[in-house]
Amino acid sequence: MSDIPGTLPGIVITGASGRMGQMLIKTIVASDKCKLAGAIERTGHDWVGRDVGEAMGGTALGVTVTDDALEAFSQAQAVIDFTAPAATVEFAALAAQARCVLVIGTTGLSEDDLNKLSLAAHHATIIRAGNMSLGVNLLTKLTKMVSAALDADYDIEIIEAHHNKKVDAPSGTALMLGEAAAEGRGVSLNDVRESGRDGITGARKRGDIGFSAIRGGDIIGEHDVMFAGEGERIILRHVASDRSLFAKGALKAAIWGQGQKPGEYDMLDVLGL
Ligand SMILES: NC(=O)C1=CN([C@@H]2O[C@H](COP(=O)(O)OP(=O)(O)OC[C@H]3O[C@@H](n4cnc5c(N)ncnc54)[C@H](O)[C@@H]3O)[C@@H](O)[C@H]2O)C=CC1
Ligand SMILES: O=C(O)C1=N[C@H](C(=O)O)C[C@H](O)C1
């Protein structure tokens, strides 16, 4: 890992051609706190071998898209990964080899994937969150507080809406909010999670935390946490209206991670919440 004092941290972006990949590259280019050190795409992708700025339809950035992740990671101080679970697990192992900071935004990770990330975190500084925005991370705190103040007479339902290309449900953010609500109630989310209502479901089970997912158009990401009681409903809401929100949070995490010991962190650590 190159680490020349006084230079800006170099950041590698995986999934460079993706919605978040391109947003991250634009955010890095506009930042005076870090520089773009590499751009990764999957083997066979038509961006591999091209200048990433030109591939994005703009001016050349002097960074060629590569599928050799380990070589790119070893030249960087941090990697930001918003791709897909299988790729994220591979990148975590490579980040451990390269001993660099890895910021993970990928959602839809299984328990097995998370265990592999924990192993990689023995050698890499891994910062992971299903949502990198200040607003959502603050909302997790509020959700926990409201959930702790109310008993199970208030039914908790989490409703999320995203664009029609999203492949996982419930969203990573919805699960973060569900974990916060469960924590506030002093229960495990796995014991009370209800995310598959269809057909003759029977009445709602007291204490369940329900999830509903809407998919349509270009919705960036909207989340409601509803506490539905007798005669009243409390609704906590976050609406993302620009993807740059997530990219700015991820960059903040990559810079915060410099000098942190290997281990697992989240955005609450980064934001000091
Ligand atoms: N934590 C957060 O704040 C946010 C998380 N996300 C999550 O980020 C992930 C990506 O979202 P989008 O950018 O919308 O998806 P996308 O489908 O537009 O982009 C994913 C990119 O990853 C690339 N990729 C897949 N496998 C790869 C591999 N093995 N090597 C290199 N590149 C690979 C694909 O070619 C594609 O370019 C999703 O899991 C999404 O839920 C999205 C927005 C915010
Ligand atoms: O896929 C997305 O787009 C988003 N994914 C994250 C999630 O699963 O919560 C964050 C954000 O809502 C956008």
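Predicted model only: the values in this text are computed from it and were never measured. (Residues numbered from 1 in each chain as written. Chains lettered and ligands numbered in written order. Predicted model: local features only at pLDDT ≥ 70, side-chain atom pairs only at ≥ 80, totals over all residues.)

J.: Could you give an account of the site of ligand 1, naming the residues involved and the relevant values?
T.: If you check the shell around ligand 1, you find 25 residues, and the closest are Gly15, Gly18, Met20, Ala87 and Gly105. With three residues, the top contributor of residues to the shell around ligand 1 is helix α1 (residues 19–29). A breakdown of the residues in the shell around ligand 1 according to their chemical character gives eight nonpolar, 14 polar and three charged. (Near = placed C-beta within 6 Å. Helix = DSSP H or I, 4+ residues; strand = E, 2+ residues; numbered from the N terminus. Nonpolar A, V, L, I, M, F, W, Y, C, P; charged D, E, K, R; others polar.)

J.: Describe the domain arrangement of the protein, listing the residues and the values that go with them.
T.: Splitting the protein by domain gives domain 1 (10–128 + 243–271) and domain 2 (134–240). In this structure, domain 1 and domain 2 have C-alpha centres spaced 28 Å apart. Listed by partner, the interface residues are eight residues for domain 1 and eight residues for domain 2. In terms of residue count, helix α10 (residues 267–271) provides more of the side of domain 1 that touches domain 2 than any other element does, three residues in total. Its residues placed into classes, the side of domain 1 that touches domain 2 shows four nonpolar, three polar and one charged. (Domains from an automatic or database assignment. Contact = placed C-beta atoms within 7 Å.)

J.: Please give an account of the UniProt feature "domain: Dihydrodipicolinate reductase C-terminal" (unreviewed entry) in the protein that cites residues and values.
T.: According to UniProt, the feature "domain: Dihydrodipicolinate reductase C-terminal" (unreviewed entry) maps to residues 135–271 in the numbering used here. Helix makes up 37% of residues 135–271 and strand 26%, with an end-to-end C-alpha separation of 11 Å. (UniProt positions renumbered as here; feature names shortened; annotations may be inferred.)

J.: Which residues make up the sheet that holds strand β4 (residues 78–81), and what values do they have?
T.: Within the open sheet, the seven strands sit side by side as β3-β2-β1-β4-β5-β6-β12. Their pairing is parallel. The outermost strands of the open sheet, each flanked by one partner alone, are β3 (65–66) and β12 (263–265). Note that strand β1 (residues 10–13) and strand β2 (residues 35–40) share four bridges and pair parallel. If you follow Ile11 over to β2, its bridge partner there is Leu36. Its contacts with the sheet put α1 on β1, β2 and β4, and the angle it makes with β2 is roughly 160°. Most of the contacts of helix α9 (residues 244–256) go to strand β5 (residues 101–104), to which it runs at about 155°, and overall it touches β1, β4, β5 and β6 (125–128). (Pairing = 2+ DSSP bridges. Axes fitted to C-alpha atoms, helices over the stretch in contact; angles between N-to-C directions.)

J.: How would you sum up the site of ligand 2? Please name residues and give values.
T.: If you check the shell around ligand 2, you find Thr107, Gly130, Asn131, His162, Lys166, Ser171, Gly172, Thr173 and Gly221 and nothing else. Broken down by class, the residue content of the shell around ligand 2 amounts to no nonpolar, eight polar and one charged.

J.: I'd love a proper account of the UniProt feature "binding site: (S)-2,3,4,5-tetrahydrodipicolinate" (unreviewed entry) in the protein, names of residues and values included.
T.: Mapped onto this numbering, the UniProt entry gives "binding site: (S)-2,3,4,5-tetrahydrodipicolinate" (unreviewed entry) at His163, Gly172 and Thr173. Tracing the sequence through the fold places His163 in the loop between β7 (155–162) and α7 (172–185). Given 13 C-beta atoms within 10 Å, His163 falls into the partly exposed group. Of note, Thr173 is situated in helix α7. Leave out the neighbours within four places in its chain, and Thr173 touches Gly130, Asn131, Val136, Glu160, Gly221 and His223. (Buried ≥ 20, exposed ≤ 12 C-beta atoms within 10 Å, placed from the backbone.)

J.: I'd like to hear about the sheet that holds strand β8 (residues 193–194), residue by residue, with values.
T.: Ordered by their spatial adjacency, five strands build an open sheet running β8-β9-β7-β10-β11, and the pairing between neighbours is mixed. Of all the strands in the sheet, the pair left with one neighbour each is β8 and β11 (233–240). Relative to strand β9 (residues 209–215), β8 runs parallel, the two sharing two bridges. Bridge pairing links Arg193 to Ile209 in β9.

J.: Can you explain α9? Please cite residues and give values.
T.: Here α9 is 13 residues long and its end C-alpha atoms lie 18 Å apart, about the 18 Å a rise of 1.5 Å per residue gives. Where α9 is concerned, the buried positions are Phe246, Ala247, Gly249, Ala250, Leu251, Ala253, Ala254, Ile255 and Trp256. (Expected span 1.5 Å × (residues − 1).)

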